[in-house]
Amino acid sequence: MWIYENKLYDEARKEYIGKKLFWNTRKLKPLKGKTRRRTQVVESNWKNYYGSNEELQQLVENSHAQRFEREILHLCAKKGIMGYLEAREQFDRNVLLSDEYYNNFIG
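These remarks concern the structure in this document. (Residues numbered from 1 in each chain as written. Predicted model: local features only at pLDDT ≥ 70, side-chain atom pairs only at ≥ 80, totals over all residues. Heavy atoms only, no water.)

## Things to note about helix α2 (residues 79–92)
Applied cut-off: The way it works is that DSSP assigns letters per residue, a run of H or I at least four long becomes a helix, a run of E at least two long becomes a strand, and they are numbered from the N terminus. Here a helix's expected span is defined as the number of its residues, less one, multiplied by 1.5 Å. Residue burial is assigned from relative accessible area. The probe radius is 1.4 Å, only protein chains are included, and a residue is buried under 20% of its type maximum, exposed over 50%, and partly exposed in between. The arc in question is the one spanned by the directions pointing from the helix axis to the C-beta atoms.
Helix length check: α2, at 14 residues, gives a terminal C-alpha distance of 20 Å against a target of 20 Å (1.5 Å per residue), a fit within 8%. Burial in α2 covers these residues: Met82, Gly83, Leu85, Glu86, Glu89 and Gln90. The buried residues of α2 occupy one face: seen down the axis, they fall within an arc of 165°. Exposed residues lying more than 90 degrees from the buried face of α2 are Gly80, Tyr84, Phe91 and Asp92. At the exit of α2 stands Asn94, carrying a positive phi of roughly 55°.

## Let's talk about the pattern of salt bridges
Rule in force here: Salt bridge, as used here, is a side-chain nitrogen of Lys or Arg placed within 4 Å of a carboxyl oxygen of Asp or Glu.
All told, the structure shown has 5 salt bridges when counted by the stated rule. Put simply, Lys19 and Glu86 hold a salt bridge, and the shortest N to O gap is 3.8 Å. Separated by 67 residues along the polypeptide, Lys19 in the loop between β2 (7–8) and β3 (23–28) and Glu86 in helix α2 bring together distant segments of the chain. The class for Lys19 is partly exposed, based on a relative accessible area of 41%.

## Structural notes on unusual backbone geometry
We note that Asn94 has phi near 55°; this positive angle belongs to a residue other than glycine. You can see Asn94 is positioned in the segment after α2.

## Concerning a nonpolar patch on the surface
Here is the rule we go by: In this analysis, a patch consists of residues with relative accessible area above 30% that form no salt bridge, clustered at 9 Å for like charges and at 5 Å for the nonpolar side chains Val, Leu, Ile, Met, Phe, Trp and Tyr. In these tables, accessible area is a Shrake-Rupley quantity obtained with a 1.4 Å probe, and a residue counts as shielded only by the protein chains included in the view.
On the surface, a cluster of nonpolar side chains totalling about 560 Å² of accessible area is made up of Phe22, Trp23, Val41, Ile72 and Leu75. Structurally, Trp23 is set in strand β3.

Shown next as structure tokens:
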């Protein structure tokens, strides 16, 4: 038995399959005298994002983020393709039926 940071060290590592946009659009108020809403493109928090799973977020918050390795599986030009590839990866890997993943749902 090994202990690391006062916890039992289990070398079996869990994974998380998810998607994240690099850029988001934000709706702005219309200019004075205009009715059409404007949009602004802003960078998302992708550099600091580790996933939507609460258990995983707690682990990142309670330990050093450097302990976690993140890998880009696909770069997508469109949101629809990104959503499809995320779901395909999750189904192909059986993330809901395996204890090796943090994923709680698909979609």
